Amino acid sequence: MANTQNYQDNTPASTNVQTLKNPTPVAKTVDSQSVLKRLQSELMSLMMGGDPGISAFPTEDNIFCWKGTITGSKETVFEGTEYKLSLSFPTDYPFKSPKVKFETACFHPNVDVYGNICLDILQDKWSSAYDVRTILLSIQSLLGEPNTSSPLNTQAAALWCNQEEYRKMVQKLYKPAV
């Protein structure tokens, strides 16, 4: 009987009541099957969409890692260029944005030497309503319309106002795949 009394003294009832009043919040979880279905649906939509200058496909057997391609839009200094991108989707996609990087060197105010991209929809403005198509079109648009007030590459941002010199730099650095 003494053992029972000691046990009761070590676990006051107020602890149990407090736990019930303030339960630990449950994190939002994503079913891996729903992520898989979402990515498969986005792949099909992208393939059927026919948007000019953008494409993306999973690498080998991993639906969470994609390789993308964007071409520079007409009438921009990037016209005629083609860039390879990597897209890595988190397990809680679409609630978290994918990591997107340029694999091809890109001289751009919002792209650093490692291929990292400064684009609001990939960071603080991410929404689960966005998809791979939206991301690729946004990056393609960013090529011709950079945010020079928030550069990752200050040299590119400084040169941006001189489009003729900028075009020469892009052509010098860009070497198309043979």
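Residues numbered from 1 in each chain as written. Predicted model: local features only at pLDDT ≥ 70, side-chain atom pairs only at ≥ 80, totals over all residues. Heavy atoms only, no water.

Labelled according to an unreviewed UniProt entry, the chain appears under the name E2 ubiquitin-conjugating enzyme, originating from Aquilegia coerulea. Annotation of the chain in UniProt includes, under Sequence similarities (unreviewed entry), the sentence "Belongs to the ubiquitin-conjugating enzyme family." (UniProt positions renumbered as here; feature names shortened; annotations may be inferred.)

Residue placement: Asp112 occurs in the loop between strand S4 (99–102) and helix H4 (132–144). Its relative accessible area of 19% is what places Asp112 among the buried residues. Linking Asp112 and Leu152, residues 40 residues apart in sequence, is a C-alpha distance of 5.3 Å. One polar contact links the side chain of Asp112 to the main-chain amide nitrogen of Asn116, over a distance of 2.9 Å. (Helix = DSSP H or I, 4+ residues; strand = E, 2+ residues; numbered from the N terminus. Buried < 20%, exposed > 50% of the residue type's maximum accessible area, 1.4 Å probe, protein only. Polar contact = N/O pair within 3.5 Å; in protein donor to acceptor, adjacent residues only side chain to side chain.)

Now for the packing of aromatic side chains. Here the structure, examined in full by the defined rule, presents 9 aromatic pairs. Pairing Phe78 with Tyr83 gives two aromatic rings, centres 6.3 Å apart and planes at 70°, and the pair type is edge-to-face. Ring plane angle 75° and centroid distance 4.9 Å describe the contact between Phe89 and Tyr93, whose orientation is recorded as edge-to-face. Take Phe89 and Tyr93: they sit in the same class, and that class is buried. Among the aromatic residues, ring-to-ring pairing joins Phe78, Tyr83, Phe102, Phe107, Trp160 and Tyr166 into one connected group. (Phe/Tyr/Trp six-rings, centres within 6.5 Å; stacked < 30°, edge-to-face > 60°.)

The subject of this paragraph is the UniProt feature "active site" (unreviewed entry) in the chain. When the UniProt feature table is mapped onto this chain, "active site" (unreviewed entry) is found at Cys118. Mapped onto the elements, Cys118 comes out in the loop between S4 and H4. You can call Cys118 partly exposed: its relative accessible area is 23%. Excluding residues within four positions of it along the chain, Cys118 makes contact with Asn110, Gln123, Leu142, Ser150 and Leu152. (Contact = heavy atoms within 4.5 Å.)

This part is about the environment of Gly80. By secondary structure assignment, the location of Gly80 is in the loop between strand S2 (62–71) and strand S3 (82–88). Judged by its relative accessible area of 65%, Gly80 falls in the exposed class. For the pair Gly80 and Gln171, spaced 91 residues apart in the sequence, the C-alpha separation amounts to 9.4 Å. Not counting chain neighbours up to four residues away, the residues in contact with Gly80 comprise Gly72 and Tyr174.

Another aspect to go through is the side chain of His108. Looking at the element boundaries, His108 is found in the loop between S4 and H4. Judged by its relative accessible area of 1%, His108 falls in the buried class. Of note is the side chain of His108, whose polar atom sits 2.8 Å from the backbone oxygen of Leu142. Every residue in contact with His108, bar those within four places of it in the chain, is listed here: Phe78, Leu142, Leu143, Pro146, Asn153, Ala156 and Tyr166.

On to the pairing of S4. The side-chain alternation of S4 yields one buried face, formed by Val100 and Phe102, and one unburied face, formed by Lys99 and Lys101. Bridge count between S3 and S4: 4 bridges; the pairing is antiparallel. Bridge pairing links Ser88 to Lys99 in S4. (Pairing = 2+ DSSP bridges.)

Spatially, S1-S2-S3-S4 is the arrangement adopted by the 4 strands of the open sheet, whose pairing is antiparallel. Both edges of this open sheet fall to strand S1 (54–59) and S4, since each of them pairs with a single strand only. Adjacent strand axes in the sheet meet at a mean angle of 25°, parallel and antiparallel pairs treated alike. On top of the sheet, helix H3 (residues 32–49) reaches S1 and S2; it is set at about 25° to S2, its chief contact. Contacts between H4 and the sheet are confined to S1, S2, S3 and S4, with S1 contributing the most and set at about 130° to the helix. (Axes fitted to C-alpha atoms, helices over the stretch in contact; angles between N-to-C directions.)

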